[in-house]
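# Observations on the model geometry
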Amino acid sequence: MSWRRFTRKLRRLVRPPRSAHDVVPNYHDYLRLQRETFLSFESEVPRWKEGQRRFVDRTMDDRARHARVLDCAAGDGAGLRALRELGFSRIIGVELSREKARRARGDGFAVVVCDMHDLRCFPDATFDVVLSSHTIEHAYQPDIVVDELYRVLTPEGHLHIVLPYPDSSHRNELAHVGKFKLGTDQDDNGASVQRFFTGRGFSLLKSELDDAREPEIWLHLKKTTKPQS
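A brief structural summary.

As a further point, take the pattern of salt bridges. Pairs can form between side chains of opposite charge once their charged atoms are near each other. On inspection of all chains with the given rule, the structure shows 22 salt bridges. For E208, the salt bridge goes to R58, with nearest N and O atoms at 2.8 Å. A residue pair is termed long-range when its members are at least 10 positions apart, and E208 in strand β6 (residues 202–210) and R58 in helix α4 (residues 46–60) qualify at 150 residues. Accessibility expressed as a relative area gives 15% for E208, which makes it buried. For R58, a relative accessible area of 43% gives the class partly exposed. It is possible to trace a salt-bridge network through shared partners that takes in E44, E99, R102 and R103.

Have a look at this one:
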């Protein structure tokens, strides 16, 4: 074990990590881990593929089919497929991994390769709905990501989020670097993570716990006036 890794483990024993920087010191290392180490394909794992379909079906079934929908971190297209099967056609994904995006595009989906921390590829108020499932816990700076999702939503837009919850295990800290700021590491019936989103310009419509894939929290939110900083 290198000295750097040894000292990092020692620091965790003395002071548990409370931010992404405590776990991954810089953004370059974060991007490398997300693109290379934590690369998985949702459509290859039946439990995850069906879990994503279940989320999309329950969330979007009563939504007008002409809605403009963004799947944030679309992966290899499991959520986009579920949306298409429900009858949605104005759908697009964003994805950090070029290989995942390539696979989704092979099924005919529009997927933009970009970092969710910077969605300048989309103008303000582009989408009526944003879906983000098992995504924002991976964000190095979840506040920036959520600010971007707020920006690309229309004034009456809806944001639907799935996060692992409670997310208190030390084993996934390198993958889930955003959980400390999100508050999903706090087992408080979702109060902390709800405050994170309502403090960034969203009103909470519904919060529910689910365990079809793994223990999760589903947040259904609507864009409102953003608090003055």
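We now examine the packing of α4 against helix α5 (residues 78–86). Running from amino to carboxyl end, α4 crosses α5 at an angle of 40°, the nearest separation of the two axes being 9 Å. Regarding the angle of α4 to α5, the classification is oblique. Crossing angle aside, the handedness with which α4 passes α5 is right-handed. Contact residues: α4 offers Q52, R53, V56, D57 and M60, while α5 offers A78, G79, A82, L83, E85 and L86. Here the residues of the contact of α4 with α5 sort into 6 nonpolar, 2 polar and 3 charged.

The subject of this paragraph is the sheet that holds strand β1 (residues 69–72). Spatially, 7 strands are ordered β3-β2-β1-β4-β5-β7-β6 in an open sheet, and the strand pairing comes out mixed. Whereas interior strands pair on both sides, the edge strands pair on one side only; in this sheet they are β3 (111–113) and β6. For this sheet, the mean inter-axis angle between neighbouring strands, taken without regard to orientation, is 15°. In this structure, β1 lies alongside strand β2 (residues 91–95), joined through 4 bridges in parallel fashion. Bridging across to β2, D71 finds its partner in G93. Where helix α6 (residues 98–106) meets the sheet, its contacts fall on β2 and β3, and the angle it forms with β3 comes to roughly 165°.

Cut-offs used in this document
- Residues numbered from 1 in each chain as written.
- Predicted model: local features only at pLDDT ≥ 70, side-chain atom pairs only at ≥ 80, totals over all residues.
- Heavy atoms only, no water.
- Salt bridge = Lys/Arg side-chain N within 4 Å of Asp/Glu carboxyl O.
- Helix = DSSP H or I, 4+ residues; strand = E, 2+ residues; numbered from the N terminus.
- Buried < 20%, exposed > 50% of the residue type's maximum accessible area, 1.4 Å probe, protein only.
- Axes fitted to C-alpha atoms, helices over the stretch in contact; angles between N-to-C directions.
- Parallel < 35°, antiparallel > 145°, perpendicular 65-115°, else oblique.
- Left-handed = near helix turned anticlockwise from the far one by under 90°.
- Contact = heavy atoms within 4.5 Å.
- Nonpolar A, V, L, I, M, F, W, Y, C, P; charged D, E, K, R; others polar.
- Pairing = 2+ DSSP bridges.

Purely geometric numbers; function is a separate question.
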